[in-house]
Amino acid sequence: MRKYSVFAIAREAMRAHKGWEAQWTSPEPRSSYDVIIVGAGGHGLGAAYYLAKEHGITNIAVIEKGWLGGGNTGRNTTIIRSNYLYEESMDIYEHSLKLWEGLSQDLNYNVMYSPRGVMMLSHNIHDQQSFKRHINANRLYGIDNEWMTPEQAKAFVPVLDISKTARYPINGAALQRRGGTARHDAVAWGFARAAADRGVHIIQNCEVTGIRRGTGGEVQGVETSKGFIGAKKIGVSAAGHSSVVMEMAGVRVPLASNPLQALVSEPMKPIFPCVVMSNTVHAYISQSDKGELVIGAGTDQYNSYSQTGGLQIITHTLDAICELFPMFRRVKMMRQWGGITDNTPDRSPIQGVTPVPGLFVNCGWGTGGFKATPGSANLFAHLIAKGEPHKLAAGLTLDRFRTGRLIDEAAAAAVAH
Amino acid sequence: MLLIHCPYCEEDRSELEFRWAGEAHVVRPENIAAISDEEFAEFFFLRNNEKGLTYERWRHIHGCGRFFNAARDTVSDRFLMTYKAGLPKQPLPVAEKFAAIAEEKSVETWEQTEGDAR
Ligand SMILES: Cc1cc2nc3c(=O)[nH]c(=O)nc-3n(C[C@H](O)[C@H](O)[C@H](O)COP(=O)(O)OP(=O)(O)OC[C@H]3O[C@@H](n4cnc5c(N)ncnc54)[C@H](O)[C@@H]3O)c2cc1C
Ligand SMILES: [Zn+2]
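This one's a predicted model, so the numbers in the text were calculated from it and none came from an experiment.

## What to know about the domain arrangement of chain A
Residue and element names in this part refer to chain A.
Now for step 1: One can read the domain layout of chain A as domain 1 (25-109 + 184-254 + 346-413) and domain 2 (118-177 + 257-343).
Now for step 2: Put simply, the middle of domain 1 and the middle of domain 2, counted by C-alpha atoms, are 28 Å apart.
Now for step 3: Contact with domain 1, which involves 31 residues of that partner, is made by 31 residues of domain 2.
Now for step 4: Overall, the association of domain 1 and domain 2 removes approximately 2,500 Å² of surface from exposure, summing both partners, and the carbon and sulfur fraction of that is 56%.
Now for step 5: The interface formed by domain 1 and domain 2 includes 0 salt bridges.
Now for step 6: Where domain 1 touches domain 2, the interface holds 11 residue pairs in polar contact (both at pLDDT 80 or more).
Now for step 7: At the level of secondary structure, the elements contributing two or more residues to the side of domain 1 that touches domain 2 comprise helix H3 (87-107), helix H7 (242-247) and helix H11 (409-413).
Now for step 8: It is H3 that contributes the most residues to the side of domain 1 that touches domain 2, 5 residues altogether.

## Topic: the coordination of the zinc ion (ligand 2)
All names here are of chain B.
Now for step 1: Those protein atoms acting as donors to the zinc ion (ligand 2) are Cys 6 (SG), Cys 9 (SG), His 60 (ND1) and Cys 64 (SG), and they sit at 2.0 to 2.3 Å.
Now for step 2: Read from N- to C-terminus, the donor residues coordinating the zinc ion (ligand 2) fall into the pattern C-x2-C-x50-H-x3-C. Of this pair, Cys 9 sits in the loop between strand E1 (3-6) and strand E2 (11-14) while His 60 sits in the loop between strand E4 (53-59) and strand E5 (67-73), and the two are 51 residues apart along the sequence.
Now for step 3: Using a relative accessible area of 2% as the deciding quantity, one classes His 60 as buried.

## Describing the site of ligand 1
Residue and element names in this part refer to chain A.
Now for step 1: Taken together, the neighbourhood of ligand 1 is formed by 36 residues, with Glu 64, Asn 72, Thr 73, Thr 77 and Lys 371 sitting nearest.
Now for step 2: At a separation of 2.8 Å, an oxygen atom of ligand 1 approaches a polar backbone atom of Asn 72.
Now for step 3: Take Gly 369: an N or O atom from its main chain is 2.9 Å from an oxygen atom of ligand 1.
Now for step 4: Surface burial for ligand 1 is 97%, taken as the share of its 1,000 Å² of free accessible area covered by protein chains.
Now for step 5: At the level of elements, helix H2 (42-55), strand E10 (256-267) and strand E14 (333-343) are the ones that each hand at least two residues to the shell around ligand 1.
Now for step 6: Of the residues that constitute the shell around ligand 1, the class distribution is 12 nonpolar, 19 polar and 5 charged.

Procedures and definitions
Residues numbered from 1 in each chain as written. Chains lettered and ligands numbered in written order. Predicted model: local features only at pLDDT ≥ 70, side-chain atom pairs only at ≥ 80, totals over all residues. Heavy atoms only, no water. Domains from an automatic or database assignment. Contact = heavy atoms within 4.5 Å. Buried area = accessible area lost by both parts, 1.4 Å probe. Salt bridge = Lys/Arg side-chain N within 4 Å of Asp/Glu carboxyl O. Polar contact = N/O pair within 3.5 Å; in protein donor to acceptor, adjacent residues only side chain to side chain. Helix = DSSP H or I, 4+ residues; strand = E, 2+ residues; numbered from the N terminus. Donors = N, O, S within 2.8 Å, 3.2 Å for Na, K, Ca; no water. Buried < 20%, exposed > 50% of the residue type's maximum accessible area, 1.4 Å probe, protein only. Near = heavy atom within 4 Å. Areas by Shrake-Rupley, 256 points an atom, 1.4 Å probe, with all protein chains shown as cover. Nonpolar A, V, L, I, M, F, W, Y, C, P; charged D, E, K, R; others polar.

Next comes the structure, spelled out in structure tokens:
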């Protein structure tokens, strides 16, 4: 792999950019691998990268039914933060945030991680108490998060309406300054390039249709649209389709697949300095480096694999956006789309071993797993290599739904993410 | 937004009037205190999450207020039928089966278009 650098740009500028090489290859699958990962989203590609980099396992295939990064990785609103309430969550999201900070250098790929700050608006006394509880828990755990008065919030985001007569009045906000955004596609591409460089096969347009098991119940490989491919270990990281893939091995996982939508506006000059989230009135907004307002809406109430969603859901979000930021009322929306998110009963992810020997799962990231991409991938690689979870992910087991040791972020935060 | 047929009101109404209420025909064990943790997890947390035909409950919360059951295709989101609560799982009417197959081919979801566009 030829390194990207300012010198490479200068060199290519002088020869009409004819020397750039493909970022990854598209090989035909081998008959078997040491490890197969199902799903070439950021989590799956990242796991392959860290398996190669940190655990010396390079005979890996990442198998993807569509194109890499075409799932939720390429469809999300890229909010990154780590100010969750419970230790299990703080452990993995903070591990991830630390990796974000060095990811562009590590991958030699600009993932455009931008710690511009994530602000969560508080609208009532319940929000205030809950946010302060989060802030205290975070700070005791060494994670930055601070309380702001409405005036301080307005100084940070000048377009915010903090007047007392606002339809959704604000009584304060929580700000995580290290939170922010990153370029979603670049995350998938950067991991793909770095993994392929270490010998990982990325096999696109190849759907996994079955999981073959031996006499002892252990995995032997996967049936795919390109035929059978053998493997001693299989890691499933298929987001909205995780329960469908796990079912192929006879393992049931507590997931509900729901559409989640986002939309972007026409591009504008820089106007919005950070990320603002309001869980109470349901609005998530930031501005991309292209100038588009990036807006996240809610999930549909029913299970679906349609990759689309109801118009009333985005209308509801735009209603809140227009009330919080009256000057955006005349902005035109350009595109809208949906992704299928995999939601667990306690709204926390599942990463761990399964009852099937050799089968590992990473799923349930639901509406909030982009921020976790490097951290989750890193710990998933550890799990696959060692056969047991890293201590930072030890609480995320599938077994917690039997033992009752839930990680109840949803109830505590009252949010989707 | 979905258009849903309430089998009590016998009308097609907008989704805004309804609340989704999870998988249908999940039976609470009669001896709930005696069952194992595995069985409890199964009853309490594990759902089919089908890709394709699913049986689910809805409640006409801003209408008659009643729960009922529905069969829906989770790929096209098309309702195949709705029926009253308390009835056992209903087989799909034959015509609906064919319609469902035709629908699967005609509805432009990612699964049918980009997903297969090699
Ligand atoms: C609209 C929207 C907004 C969001 N906003 C945020 C946000 O602001 N912040 C945040 O942190 N998170 C957000 N999320 C959630 C986040 O996008 C996901 O949690 C995360 O990207 C999941 O990454 P992944 O790599 O696991 O999944 P994906 O990128 O979806 O990858 C899974 C891959 O598996 C493939 N696959 C599935 N079945 C098979 C099969 N049988 N064979 C082969 N391949 C298969 C799929 O095609 C897919 O490419 C949002 C999600 C959506 C939809
Ligand atoms: Zn009714």
